Each structure stands twice: as structure tokens, then as C-alpha cells.
Amino acid sequence: MKCDTANAAAVKFGKYGGLFVPETLVQPIMELAQAYERLRSNDDFRDELAGLLKNFAGRETPLYHARNLSRELGCKIYLKREDLVHGGAHKLNNTLGQALVAKRMGKTRLIAETGAGQHGVATAIVGANLGFETQVYMGEVDIERQKMNVYRMELMGAEVIPVRSGSRTLKDAINEAMRDWAASFEHTHYLLGTAAGAHPYPSMVRDFQSVIGIEARGQILEVEGRLPDSIVACVGGGSNAMGIFAPFLEDKVRLLAVEAGGRGPGKTDKTADNGASLGYGTDGILHGALTKILQDPYGQILESYSVAAGLDYPGVGPELAYLAETGRVQPKMADDKTAILGFRALSKLEGIIPALESAHAVGYALSEPDALGEMAIINISGRGDKDLATVMDYENL
Amino acid sequence: MKISEAFLNKPLLIVYICAGDPTPEATPDLVRRLVAAGADIVELGLPHSDPIADGPTIQAAAQRAIAAGMNTDVYFDVAAQADVDVPKIFMGYYNMVYARGPDKFAEDCAKSGICGMIVPDLPPEEAGPLHDACKRHGVDLIFLAAPNTPDSRLSMIEKETSGFLYLVARTGVTGAKSDVLQSTGDLIARVSSDVPRAVGFGISTPEQAAEVIRAGADAAIVGSVCVDLIARGEVERLEELVREMKDAIVKAKGKAPIVC
Ligand SMILES: Cc1ncc(COP(=O)(O)O)c(C=O)c1O
């Protein structure tokens, strides 16, 4: 595929976003951007994606009125049940979309990064189902804490490549995937798992995840006849948050983005005790975009921390950085303890075990019920089976 | 010396090392020894925690240097102490520049005798602020082109770059390789302006260095192989290699290519 990249101007969100990548990646990224631009309005492509979302991923997902949690909070709470998507998280919405783009671009191999393993699993699923060779980069530290997901990926035919560089977590897995792609772009698509990174990923991933918000909007209007007062979503890189927020940006709905407060605001020379890039970060460039990042005064990236591997990332998508700056999205935080509380509460009150990532949104709602208004939607981005060992360990400490 | 003056005596050997590896104190002397052995330009890498354009060799060097106390302040001290008669060039990632502020960064380069900047994750489209800062402080901002850069984009980059054009010899990341690819020769030939052409990424032997000069490059850039020798403490072997490389490219000057 030929495309003219004499000037590779990238979409920006205010000052955030951009295309800060080595020259070798400029051409593959612009080819991807142009292919996506072409396909997003192509009926054939949209039909194929819609069919897979319905019959393979199991959409639409319910918008469930959580009566017991509502009583507890004194606010009417609806849960958007992304935990019921095939694979156990919202991640498949994006991997299906990107895999179909890759297929139409003639790519035969997928590479991905993963932290919690959920995006790796979602990539392995589409790799198996749509016939790609699939390799997933995963930090050694994360391999250790998400063994089940490693095995799930392998069962589905993906190869998990341990990443031993840097902090050996999600950010290093992304670095490694970018290095791979710089040599393999001819036949390989880099399937980035969140709404971060260089153009066009933040827009493309947001679009593929917007199915969450589009459904939720229709569902709430149908049952309540009005929009909610607030929407709560957890934020790692920002894909489930942007996915549910995007269709509500023009509405009078409070958008609450809950980051990992981890152990608190502390940091050392090389590490931060949290994953709260919107809350504690400063402007900088990470993985191809100008955004909010956790860094030292010289620009070295700090190792983030969260009990939830999927929120353990020292950056955030550029669109969220922009929306937080304009005040349209309110950045919030839930620390480890609050998240564990949310994890237990939703399990006990509703019989729904949320992912530790999603438990941050639940925990935040429990700790700040007044911020929600009278009616709120909480995005349950994934289910918690993968986290049982982590929570057991946490409780034993 | 300005970069343009250095290119009056082509072909050039450009040597990359990671500043602060193994220690910040060791760097100025290493630079002097490289220049004494024949390096015409020295690229001083500023280590970054997340070097996405670099392979394992330079990643490891960056980690050692950071552990040894290298940071941007120390970097400029070390660069100033490395008092040599050849151009010194900054090589590093844009977040390190952004964190200091492009203007202050370019100013500190000028003050410490650094006359050019290579920022591998900063394509011309995003380089506005640094471009202006470099102009203000008389520092060359050197852009890169890759084998997969299309012609229309290549001519844009040729116009934007100053000092020289950094031609990436192969797709992928930095790291020693044993061959020279057909696509490298093609890339050198596709450059249509008279901007000096320096080829790097993967060059590790005198034969490869000679090969890219024969293919029409004005300079050969070597990095990972030097960083590797420093990591093993084999500085004398490094000096010898630099001498051999310099020798090989001088002999290759004006010769027809063998492979490319
Ligand atoms: C269930 C779940 N929720 C949320 C996240 C965070 O990612 P994002 O902010 O892109 O939604 C992850 C990441 O792995 C996840 O697995």
C-alpha cells in the first residue's frame, strides 16, 4: 500500500498527542492511519466488525441496575457489564477492530504488549480466530503475577515473549513491541491495547471502544428516559474510560476518571508509588505521544505501581490528558486499599467479581458517593478471576 | 569546529558512545582517546530510561550510565570537559530535551561545545520548538531518514536537516550486524540534494564502514560495537578498531561499490 507521508501531521488533542517516533515507524504508522481512515466508514468493514462483536464477543453487554450497591451508596447505580465480553474484559472490542484493519492491510502477524494479560489474551483470541501469527510482549514481573493469563494466551496459540529490560512491566513491553515493529512492519501489525501512544492509536482505540458508551447511552435512555449524572471508569492508558466517555462528551454528564492511587503519592529516584499520571504526572513524551507522564525532573520515566497490573503504567492517553486539562473529565484516584474494598464489595453485594482495575472505579464510588449525583454508570471493564491470587496475597500481607 | 567544516575532509568516521558508561568520570578521557584514534565526530548519547530506537547493547549501556549517576546536568559537565578539536554531537530522546525545555537544552549544548543534536524519536513534523531553539543557539539539528522513507518525505527531510543527513542503514533498532544491505545503498542513492550523508545502524566492522563509503556515503557512524567494547573494558581494542575503520574508509574513498 502506498501513501503520501511527505508531511506526517498527526491528530492532536490540544497540545497533547502527536507522532514522536523513530523515522522507521513514521511510514508504517501513516499507512495504518490512512487504512483506518478509509475503513472506518466502509460498510463492509463495519458489518464484519458488528457481526463479530455480536456473535463472537457477545455484545451488547447489559447495563445492569445494581440494586444492592445502589442502596449502599444512596445513589442509583448502573453497571456497564464489560466483564461479560468474551475474554473477560473490554479489551476484545479493540482487538477485533484492529485485527480486521490489519487483515485488510494484508498483515499476517500481530504483536501486542500486555500488563495484566487481558489485552494479551484479547489479542491471542483474535489471532486464533482470524488466523494471525501472534506474539505478545509481557514484562517478567507481570508474567509472574498473571500466570493464568500467560497460559490462556499460550493455549490459544500465541507466543508470550518475556521482557527483561527496564522495569520489566507494561511500559517496557510497549518499548519492546515498538522495537519489534520497527523491523517487522512489512507483514506485522502492532496491536496496541489502550488509547495511548502515537497517532492514530488514541483515536482508533477510542473509536473501537466507543461501542461501550454508545450502547450505554441507548440503554440508559431506554430504561431511565434520561442521561446519568455521572459516569465512573478506571484509567490505565484510558481505553475503557474513553470508550464509555466519548459518546457523552457533549452532554451534561460528569465524567470521572479513576486512576491507580497505589500506595500513595510517594516516589523515589526511579519509582512512583502509584499509576496516577493525570493526578501526579507532568507533561512529557512517552511511547510516541506528548501526554501526562510520571517522570523525574530530567525526563527519565518512573516505574509506576498499582496492585492492578492493568493500571500499572506511567502514562495515559493524550486525549484524556487534554480532557482533564479542559476540565471536561475529572481525574480521581483510588488507592490499593480502596480498590480491594471495591473488589470485595461488588463481589458480596452483587455477586459480580470485578477485575482489580474496574474495582478502582467501584472503590472510588464507595468512597466518594456524593460525587456521583443521583444516578451513575460505573464501567465494569473486566472480570476478576485473573486477580484472585493477587487479592489473596494482598490480604495475607 | 562546526560540522560543516568537518565535512570538508570526507569521508568521516562518526563514533557514538553512551555518556556516563561506565562512569561519568570516564567519559571525557574516552572521547579524547577516540578522537586521537581517528574519530572525526563524536556522538555523545544521553542515556534514557526508555530508549525505543535502541537494541540491547545501548539499552544496557544506558542503564549502567544512569545507575552510575548520569543525568542531564552531569551530561553537559562531562561534554564540556571532553575538550577535543572535532565536533561533538548530542544524541538522545526527546523527553529529556522536553523536560529541560528545548531552548535551555540547545543553549546548554552550545555552552558545552556541542554543535549538533540528533533526536531519533523527533520527526521534523514535531520538531518546531527545538528547530527554532537550535537556530537561536547555532546548533545543527540533524534528522534521520530510513530505508522505508518514501522519496517525497526524503526530500522534505533533506530540506529540514542541518549539519548532515543521518541515513538509517536498516529498519529495526541499533545493534551490531555483519552485513550491508542492498536497501542501504539504495537509500544513499535516493538522496537528491548535496547535504552530507552519514550512514549508521548496524555498522560494526571496517569492511562494512568501507562498504557504505563506496556506496556513496560521506560518513560512517559506528555505535553498538564501540559501546560493547567499552562494556568489556577493552578500550585499547576500541582504539584499534577506530584506527582500522578510519583507515578502511579513507582507502574506500572514491572506489566503486562491491555489493551495493
Ligand atoms: C479489566 C481492565 N480494565 C482496565 C484496564 C486498563 O486499561 P484502559 O485504561 O486502557 O482501559 C485493563 C488493562 O489491562 C484491564 O485489563
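Each chain has its residues counted from 1, following the order in which its sequence is written. Both sets of labels track the order of writing: A upward for chains, 1 upward for ligands. With the structure being a predicted model, the display of local features is reserved for residues of pLDDT at least 70 and the display and counting of side-chain atom pairs for 80 or more, all residues being used for whole-chain, interface and lining totals. Hydrogen atoms and water are omitted, and side-chain values are computed over all heavy atoms in the structure.

Digging into the nonpolar core
The following threshold applies: Note on terminology: a nonpolar core comprises buried Ala, Val, Leu, Ile, Met, Phe, Trp, Tyr and Cys residues joined through side-chain atoms within 4.5 Å. Summary of the burial criterion: residues with accessible area below 20% of their type's maximum are buried, those above 50% are exposed, and those between are partly exposed, where the area comes from a 1.4 Å probe applied to protein chains only. Domain extents, as shown, originate in an automatic or database domain assignment. Residue contacts are defined here by distance: any two heavy atoms, one from each residue, within 4.5 Å place the two residues in contact.
Membership of the largest hydrophobic core comes to 195 residues, with the highest contact counts inside it found for F245(A), F90(B), M117(B) and F164(B). In this structure, this core is formed jointly by two domains, domain 1 (13–51 + 91–205) and domain 2 (58–89 + 210–395) of chain A, each of which donates at least three residues. With near-sequence residues (within four places) excluded, M117(B) lies in contact with I89(B), F90(B), V97(B), F105(B), C109(B), L130(B), C134(B), V139(B), D140(B), L141(B) and I142(B). Counting 21 residues, the second-largest nonpolar core is a separate cluster that includes L69(A), A334(A), A361(A) and Y364(A).

Side note on the interface of chain B and chain A
Put simply, the rule is: Buried area adds together the accessible area that both of two parts lose upon being put together, with accessible area traced by a 1.4 Å probe. Each reported salt bridge corresponds to a side-chain nitrogen of Lys or Arg within 4 Å of a carboxyl oxygen of Asp or Glu. For the purposes of these results, a polar contact is taken to be a pair of N or O atoms within 3.5 Å, where, inside protein, one atom must be able to donate a hydrogen and its partner to accept one; residues adjacent in sequence count only when each atom of the pair is a side-chain atom. For the purposes of this entry, the term helix denotes a DSSP run of H or I that reaches at least four residues, the term strand denotes a run of E that reaches at least two, and both are numbered from the N terminus. Residue classes follow a fixed rule: Ala, Val, Leu, Ile, Met, Phe, Trp, Tyr, Cys and Pro count as nonpolar, while Asp, Glu, Lys and Arg count as charged, and any other residue, Gly among them, counts as polar.
Taken residue by residue, the interface counts 39 residues in chain B and 40 residues in chain A. Of the roughly 3,100 Å² buried between chain B and chain A on both sides combined, carbon and sulfur atoms contribute 51%. At the junction of chain B with chain A, the criterion picks out three salt bridges. The tally of links from chain B across to chain A stands at 20 residue pairs in polar contact (both at pLDDT 80 or more). In terms of residue count, helix 5 (residues 94–100) of chain B provides more of the side of chain B that touches chain A than any other element does, five residues in total. A breakdown of the residues in the side of chain B that touches chain A according to their chemical character gives 20 nonpolar, twelve polar and seven charged.

As for the sheet that holds strand 3 (residues 88–91) of chain B
Residue and element names in this part refer to chain B. Selection rule: The criterion for strand pairing is that DSSP finds at least two bridges linking the strands in question.
Taken together, the nine strands give an open sheet; going across it, the order is 5-4-3-2-1-9-8-7-6, and neighbouring strands pair in parallel fashion. Sheet topology places strand 5 (140–142) and strand 6 (144–145) at the edges, where each strand pairs with a single neighbour. By the bridge criterion, four bridges tie strand 3 to strand 4 (residues 114–118) in an arrangement that is parallel. When the sheet's bridge partners are listed, F90 is paired in strand 4 with M117.

Topic: the site of the ligand
Residues and elements named next belong to chain A. The criterion, for reference: We call a residue near a molecule or strand when any one of its heavy atoms sits within 4 Å of it. For every accessible area listed, the method is Shrake-Rupley and the probe measures 1.4 Å; residues are considered covered only by the protein chains on display.
The local shell around the ligand holds 19 residues, among which T194, G236, G238, S239 and S381 are the closest. A distance of 3.1 Å is found between an oxygen atom of the ligand and a backbone nitrogen or oxygen belonging to G237. Interatomic distance of 2.7 Å between a backbone N/O atom of G238 and an oxygen atom of the ligand. Isolated, the ligand exposes 390 Å² of accessible area, and the fraction of that covered by the protein chains is 96%. For the shell around the ligand, the residue count by class is six nonpolar, eleven polar and two charged. Formed jointly, the shell around the ligand draws a minimum of three residues from each of two domains, domain 1 (13–51 + 91–205) and domain 2 (58–89 + 210–395).

Some remarks on the sheet that holds strand 4 (residues 76–81) of chain A
Two modes of strand pairing occur in sheets, parallel and antiparallel, and in both the strands are linked by backbone hydrogen bonds. Residue and element names in this part refer to chain A. Selection criterion: Axis lines are fitted to C-alpha atoms, over the contacting stretch for helices. Their N-to-C directions set the angle, which ranges from 0 to 180 degrees.
The strand order across the open sheet built from six strands is 3-4-14-9-10-13, with neighbouring strands paired in mixed fashion. Of all the strands in the sheet, the pair left with one neighbour each is strand 3 (63–65) and strand 13 (329–335). Strand-to-strand twist across the sheet, computed as the mean angle between neighbouring axes with direction ignored, equals 25°. Sitting on the sheet, helix 9 (residues 201–224) is in contact with strand 3, strand 4 and strand 14 (375–380), with an inclination near 140° to strand 4. Helix 13 (residues 336–350) contacts strand 3, strand 4, strand 10 (254–262), strand 13 and strand 14 of the sheet and is inclined by roughly 90° relative to strand 13.

Comments concerning the side chain of E113(A)
All names here are of chain A. This is how it is decided: Note that His is not counted, nor are the chain ends; the positive residues are Lys and Arg, and the negative ones are Asp and Glu.
The topology assignment puts E113 in strand 5 (residues 109–114). K91 is the oppositely charged side chain nearest to the buried, salt-bridge-free E113, at an N-O distance of 6.8 Å. Separated by 2.7 Å, the side chains of E113 and Y190 make a polar contact. A distance of 2.9 Å separates a polar atom in the side chain of E113 from the backbone nitrogen of G193. The contact partners of E113, leaving out residues within four places of it in the chain, are H119, V136, Y137, L170, A173, I174, Y190, L191, L192, G193 and T194.

Some thoughts on the environment of V97(B)
All names here are of chain B. By the element assignment, V97 lies in helix 5. Exposure remark for V97: the relative accessible area of 0% places this residue in the buried category. Between the C-alpha atom of V97 and that of T23, which follows or precedes it by 74 residues, the distance is 22 Å. Here V97 is in contact with F90, P102, F105, M117 and L130, once residues within four sequence places are set aside.

Here's the deal with unusual backbone geometry
That bond from H199(A) to P200(A) is cis: its omega, 5°, falls within 30 degrees of zero. With respect to the secondary-structure elements, P200(A) resides in the loop between strand 8 (188–190) and helix 9. Cis peptide bonds are those with omega within 30 degrees of zero, and the linkage from K10(B) to P11(B) qualifies with 0°. Here P11(B) shows up in the loop between helix 1 (3–6) and strand 1 (12–18). Positive phi outside glycine occurs at H287(A), with the angle close to 50°. Position of H287(A) among the secondary structure elements: in the loop between strand 11 (282–286) and strand 12 (289–293).

Here's the deal with the pattern of salt bridges
Enumeration according to the criterion identifies 51 salt bridges over all chains in this entry. K15(A) is the salt-bridge partner of D283(A), the closest N and O atoms lying 2.7 Å from each other. Placement of the pair is D283(A) in strand 11 and K15(A) in the loop between strand 1 (12–13) and strand 2 (16–17), with a sequence separation of 268 residues. Given the relative accessible area of 40%, K15(A) is considered partly exposed. With its nearest N and O atoms 3.5 Å apart, the salt bridge here joins K111(B) to E107(B). One end of the pair is K111(B) and the other is E107(B), both in helix 6 (residues 102–111) and four residues apart, which spans about a single turn.

Considering the packing of aromatic side chains
For the record, the criterion: Between the rings of Phe, Tyr and Trp (Trp by its six-membered ring), a pair exists once the centres lie within 6.5 Å; its type follows the angle of the planes, with under 30 degrees stacked, over 60 edge-to-face, and the other angles tilted. The rule is short: NZ of Lys or CZ of Arg within 6 Å of the ring centre and within 35 degrees of the ring normal puts a charge over the ring.
Within this structure, the stated rule accounts for 13 aromatic pairs over all chains. Pairing Y94(B) with Y98(B) gives two aromatic rings, centres 6.1 Å apart and planes at 65°, and the pair type is edge-to-face. A residue pair is termed a helical-turn pair when its members lie 3 or 4 positions apart in one helix, as Y94(B) and Y98(B) do in helix 5 at four residues. Judged by relative accessible area, which is 3%, Y94(B) ranks as buried. When the ring of Y166(B) is compared with that of F201(B), the centres are 6.1 Å apart and the planes differ by 90°; the resulting orientation is edge-to-face. Of this pair, Y166(B) sits in strand 7 (residues 165–168) while F201(B) sits in the loop between strand 8 (197–200) and helix 10 (206–214); the two residues are 35 residues apart in sequence, bridging distant segments of the chain. Exposure class is identical for Y166(B) and F201(B). Each is buried. Here the aromatic cluster, defined as three or more aromatic residues joined through ring pairs, consists of Y75(B), F76(B), F90(B) and F105(B). Just above the ring of F132(A) sits the side chain of K103(A); from NZ or CZ to the centre is 4.9 Å. Between the NZ or CZ atom of R263(A) and the centre of the ring of Y305(A), over which it lies, the distance is 3.8 Å.

Side note on the side chain of D172(A)
Residues and elements named next belong to chain A. Note that D172 resides in helix 8 (residues 170–184). On the accessibility criterion, D172 (1% relative accessible area) is buried. At 3.4 Å, the side chain of D172 and the side chain of K171 are in polar contact.

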